[in-house]
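Coordinates in review
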Amino acid sequence: MKLFGSLTSPYVRHCRLALMQSGLNWEMVELDIHSTTEPGTPTLRVPFLEDAGLKLTDSTSIVKYVREKSGKEFIPDAVDLDRYCLANTLMDAAINLFLLERSGLDIDANVYTRRQKLRVEKILDELNSAPLPETGNLGDADYRVAVGVAWGVFRNRFSIDSHPNLQRLLEIAGQDEFFVETAPPTA
């Protein structure tokens, strides 16, 4: 089984977490999607996974596949699934703003990008209001929120200074060996 992706991607991070927890045999293939002319996936983004002829092109399907292949369950609760989806929207908006800003766009001068910034703020407020997991008992919705928030802080895309539950979630996740091991490289 091969996971293709970047060590700084929050989506790849969640897949790596699931694979590390699974006990399955796998390898990470680092791929810079922005400098690769033919990345091998129709989405033109990472992660994607190959396993014995099966190809999955989205982090959600990858995490679900890994959980089920290792005999575990993937988000059986609609409320947790909604929180997971909110975290996806947070990451999509924040990553798009990050990439647009890197390309030279003034994100404050555009109606669409101002809306994306507002979306990030509103979702952070909503995610902050969610109940916290117990230490050592994180589910995939918790991991998805944690990797998204950690990425936003890592890339200086937003602050969680006024979001104590999100700060606490990162502290709880920071006690998970695989969450720590999958942190983006700082150098």
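Note that the structure is a prediction, hence the values are computed from the model and not measured. (Residues numbered from 1 in each chain as written. Predicted model: local features only at pLDDT ≥ 70, side-chain atom pairs only at ≥ 80, totals over all residues. Heavy atoms only, no water.)

1. Digging into the packing of helix 4 (residues 111–128) against helix 6 (residues 164–173)
Axis separation between helix 4 and helix 6 bottoms out at 7 Å; the angle between their running directions is 70 degrees. With respect to helix 6, the axis of helix 4 lies roughly perpendicular. The chirality of how helix 4 crosses helix 6 is left-handed. Contacts between helix 4 and helix 6 pair Leu124, Leu127 and Asn128 from the former with Pro164, Asn165 and Leu166 from the latter. For the contact of helix 4 with helix 6, the per-class residue count stands at four nonpolar, two polar and no charged. (Axes fitted to C-alpha atoms, helices over the stretch in contact; angles between N-to-C directions. Helix = DSSP H or I, 4+ residues; strand = E, 2+ residues; numbered from the N terminus. Parallel < 35°, antiparallel > 145°, perpendicular 65-115°, else oblique. Left-handed = near helix turned anticlockwise from the far one by under 90°. Contact = heavy atoms within 4.5 Å. Nonpolar A, V, L, I, M, F, W, Y, C, P; charged D, E, K, R; others polar.)

2. Side note on the pattern of salt bridges
Under the defined criterion, the tally for this structure stands at nine salt bridges. Residue arginine 83 pairs with aspartate 80 through a salt bridge whose shortest N-O separation is 3.1 Å. On the criterion of helical spacing, the pair formed by arginine 83 and aspartate 80 is a turn pair, its members being three residues apart in helix 3 (residues 78–102). Aspartate 80 sits in the partly exposed class, given a relative accessible area of 29%. Between aspartate 142 and arginine 83 there is a salt bridge; the shortest N-O distance is 2.9 Å. Taken as a pair, aspartate 142 in helix 5 (residues 140–154) and arginine 83 in helix 3 lie far apart in primary sequence, 59 residues in all. (Salt bridge = Lys/Arg side-chain N within 4 Å of Asp/Glu carboxyl O. Buried < 20%, exposed > 50% of the residue type's maximum accessible area, 1.4 Å probe, protein only.)

3. Some remarks on the environment of valine 46
Structurally, valine 46 is set in the loop between strand 2 (27–30) and strand 3 (48–51). When the C-alpha atoms of valine 46 and proline 10 are compared, they prove to be 9.9 Å apart, with 36 residues separating the residues in sequence. Apart from the residues lying within four places of it in its own chain, the contact partners of valine 46 are Phe4, Gly5, Ser6, Ser9, Val12, Leu31 and Ile33.

4. Section: the sheet that holds strand 2
What the four strands build is an open sheet, ordered 2-1-3-4; its pairing is mixed. In this open sheet, the two strands that pair with only one neighbour each are strand 2 and strand 4 (54–56). Neighbour to neighbour, the strand axes of the sheet diverge by 20 degrees on average, direction disregarded. Of the strand pairs in this sheet, strand 1 (residues 2–5) and strand 2 are connected by four bridges, and their pairing is parallel. (Pairing = 2+ DSSP bridges.)

5. What about the packing of aromatic side chains?
Applying the stated criterion to the full structure yields three aromatic pairs. Ring geometry for phenylalanine 98 versus tryptophan 151: centroids 5.7 Å apart, planes at 90 degrees, classification edge-to-face. Separated by 53 residues along the polypeptide, phenylalanine 98 in helix 3 and tryptophan 151 in helix 5 bring together distant segments of the chain. Accessibility classification places phenylalanine 98 together with tryptophan 151 in one group, the buried group. If you follow arginine 13 out to its NZ or CZ, it ends over the ring of phenylalanine 179, 3.8 Å from the centre. (Phe/Tyr/Trp six-rings, centres within 6.5 Å; stacked < 30°, edge-to-face > 60°. Lys NZ or Arg CZ within 6 Å of the ring centre and 35° of its normal.)

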